[in-house]
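Commentary on secondary and tertiary structure
This is what each chain is made of:
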Amino acid sequence: MASKTTVSSVVGSASADAPSAIATVFVGTIVHSLSLSELEILAPGVLGVSADGRIAFVERLEAGKPDDLAAALTRHNASSAQIRRLPAHTLLLPGLIDTHVHAPQYVFTGTGYTLPLLSWLAKYTFPQEKKFASRAHAQEMYPRAVRRSLRCGTTTAAWYGTLHVDATDVLARTCVKTGQRAFVGKVCMDRNGGEGYVEESAAKSLIDTNKWLDDFEALKCGDRVRPIVTPRFAVSCTGELLSGLGDLARERGGLHIQTHLAENRAECAFVKELFPASESYAGVYRDHGLLTPRTVLAHCVHLSDADRTMLHETGAGVSHCPVSNFGLDSGVCDVRALLEAGCKVGLGSDVAGGWSMSIVEAMRSAIVASRVVGHVKHAAATDAHAAKNAHVALSLAETFYLATLGGAKLLDIDSTTGNFAPGKEFDALVVNLDAGGSEDSGARPVDIFDHDDAAEMFEKFVFISDDRNISEVYVAGRRVVGPSGERVDV
Ligand SMILES: O=c1[nH]c(=O)c2nc[nH]c2[nH]1
């Protein structure tokens with residue numbers, strides 16, 4: 001499809017230049033995270049986006065005082081900007097961040113949830129991933145996965161591809177073309193793969209990874225789509241490959257790294273057999289130079305206190321994937337313990353271990369998972385005092401932080417995205433809570449009533465909305481999903 005940028009699809013276009021004029025001003029209910037515990041609800045609020053796609057200002061307006069908006073526009077030199085008044089029952093939110101998702105697995109999402117991890121990999125995952133040896137297959141499937149992710153409001157994704165250099169190149173190009181902010185990884189594995197789905201040696205895997213990184217540089221897609229070094233997990237990588245990838249990430253200027261850690265008990269036992277000299281599964285990655293402040297570790301369900309301390313001390317962070325942890329019956333991650341240990345945490349859909357691309361679904365499941373952890377601890381507590389202090393479940397504000405600013409911190413892009421702090425790029429969702437049908441059709445995912453205030457509308461977004469409610473998606477000021485859900489070609 002031909003490249004097309006319409007005036008209405010761009011509220012600005014991010015560049016590194018000096019601040020530019022304010023192009024668009026949104027007026028309505030604005031919600032974003034200031035920190036783990038602070039959710040700011042501006043009802044009403046006003047947010048200005050510069051012509052360069054960055055957030056120029058965001059502030060509260062005094063309800064019922066129209067002069068307040070005029071004063072804000074004058075103060076910010078925005079009187080000639082386009083004003084977008086958001087209707088009632090509409091929220092302006094920062095874009096969602098999926099810190100762990102497998103693009104080739106999109107094709108079998110929703111199937112296979114009767115098998116545990118290692119059998120599931122053998123039966124579903126490796127046979128499907130193998131098909132991406134064909135570039136044509138990748139060209140057909142990857143746009144579907146990335147568009148679905150954008151449609152669910154994911155403005156940044158950390159994608160796993162497959163072993164194949166060519167197909168992973170297609171994935172990166174798809175992210176560039178569709179406008180999603182992304183990290184894209186060529187998967188590496190030199191043992192314990194499926195039939196015909198394993199690299200012949202550590203050396204070959206490293207040669208291919210270097211080639212893929214060289215190709216990536218040649219794409220010249222700037223910072224918005226970046227490579228991420230991707231050893232699949234310790235089960236499928238020899239020590240030689242793990243160390244080689246750790247060295248490569250360091251030598252190439254501190255590249256991001258992603259892998260899986262301690263998802264399932266059988267997997268943990270297997271890793272113990274494969275790496276008897278390491279202190280723990282987390283220790284395997286540390287011993288091979290893979291725990292850095294730019295490392296994203298998916299799952300982390302079965303960790304000890306010492307492992308959590310190790311993650312905190314190395315700066316490596318966790319992608320919490322609750323939907324997948326339920327889907328593959330892997331266990332329940334204690335996110336509170338990770339946060340208390342000072343670990344960075346974001347949310348991951350982990351399609352297709354997870355059955356949904358939606359980080360909103362991940363938020364709901366994160367709340368449920370955290371409550372389950374609390375009940376289990378409560379039941380195990382030996383006295384009433386211990387039971388009372390057993391656990392504090394994740395709050396709504398904390399969970400939204402994990403889905404946005406927490407994910408940005410985990411990926412080390414929080415100076416660019418994650419909330420609406422001035423200077424960041426405008427990655428945002430317009431959420432229409434009236435979407436899906438007429439008021440009396442019974443077809444709406446969300447029904448808003450007169451008694452619902454802004455906080456309650458936001459709570460309904462988290463607990464009962466679906467992708468029909470996400471009417472517009474912006475990345476760096478560019479609209480990548482349109483008002484009625486159509487894709488804007490970029
Ligand atoms: O949920 C998961 N999905 C995967 O593809 C995978 N590979 C290793 N470990 C994994 N866990």
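Residues numbered from 1 in each chain as written. Predicted model: local features only at pLDDT ≥ 70, side-chain atom pairs only at ≥ 80, totals over all residues.

Points about the overall build of the protein chain
The line we're drawing: Here a helix means four or more residues in a row that DSSP labels H or I, a strand means two or more in a row labelled E, and each is numbered from the N terminus. The size measure is the radius of gyration over C-alpha atoms, and the globule rule it meets is 2.2 Å times the number of residues to the 0.38 power. Every C-beta atom is placed from the backbone, and the number of other C-beta atoms within 10 Å of a residue's own sets its class: buried at 20 or more, exposed at 12 or fewer, partly exposed in between. By definition, residue pairs are in contact when their C-beta atoms, positioned from the backbone, come within 7 Å.
Each helix and strand counted, the protein chain has 15 helices and 17 strands in total. Against the globule reference of 23 Å for 490 residues, the protein chain gives a C-alpha radius of gyration of 22 Å, in line with a compact fold. The proportion of buried residues among the 490 residues of the protein chain is 52%. When contacts within the protein chain are restricted to residue pairs at least 6 apart in sequence, those whose partners lie at least 24 apart make up 75%.

Let's talk about the site of the ligand
Inclusion rule: Working rule for contacts: place C-beta from the backbone, and if it is within 6 Å of a molecule or strand, that residue counts as near it. Classes in brief: Ala, Val, Leu, Ile, Met, Phe, Trp, Tyr, Cys and Pro nonpolar; Asp, Glu, Lys and Arg charged; the others, Gly included, polar.
Neighbouring residues of the ligand: His-102, Leu-117, Leu-121, Thr-125, Arg-232, Phe-233, His-260, Glu-263, Ser-324, Asp-350 and Gly-353. Class assignment for the residues of the shell around the ligand results in 3 nonpolar, 5 polar and 3 charged.

Re the environment of Ser-324
Looking at where Ser-324 falls in the secondary structure, it is placed in helix α10 (residues 322-327). Sequence-wise, Ser-324 and Gly-353 are 29 residues apart; in three dimensions their C-alpha atoms are separated by 4.5 Å. When near neighbours in sequence (up to four residues on either side) are disregarded, Ser-324 contacts Asp-350, Gly-353 and Gly-354.

A word on the nonpolar core
Rules: In this description, a nonpolar core means buried residues of the types Ala, Val, Leu, Ile, Met, Phe, Trp, Tyr and Cys, linked to one another by C-beta atoms lying within 7 Å.
If you look at the biggest cluster of nonpolar residues, it comprises 137 residues, and the most contacted ones within it are Trp-159 and Leu-171. For this core, the element with the most residues is helix α12 (residues 359-380), which contributes 8 residues. Setting aside chain neighbours within four positions, we find Trp-159 in contact with Val-101, Ala-103, Leu-171, Ala-182, Phe-183, Val-184 and Gly-185.

A word on the UniProt feature "domain: Amidohydrolase-related" (unreviewed entry) in the protein chain
Short version of the rule: UniProt positions are given in the numbering used here, feature names are shortened, and annotations may be inferred rather than shown by experiment.
Using the residue numbers shown here, the UniProt feature "domain: Amidohydrolase-related" (unreviewed entry) corresponds to residues 92-480. The straight-line gap between the two end C-alpha atoms of residues 92-480 is 15 Å; of that span, 43% is helix and 16% is strand.

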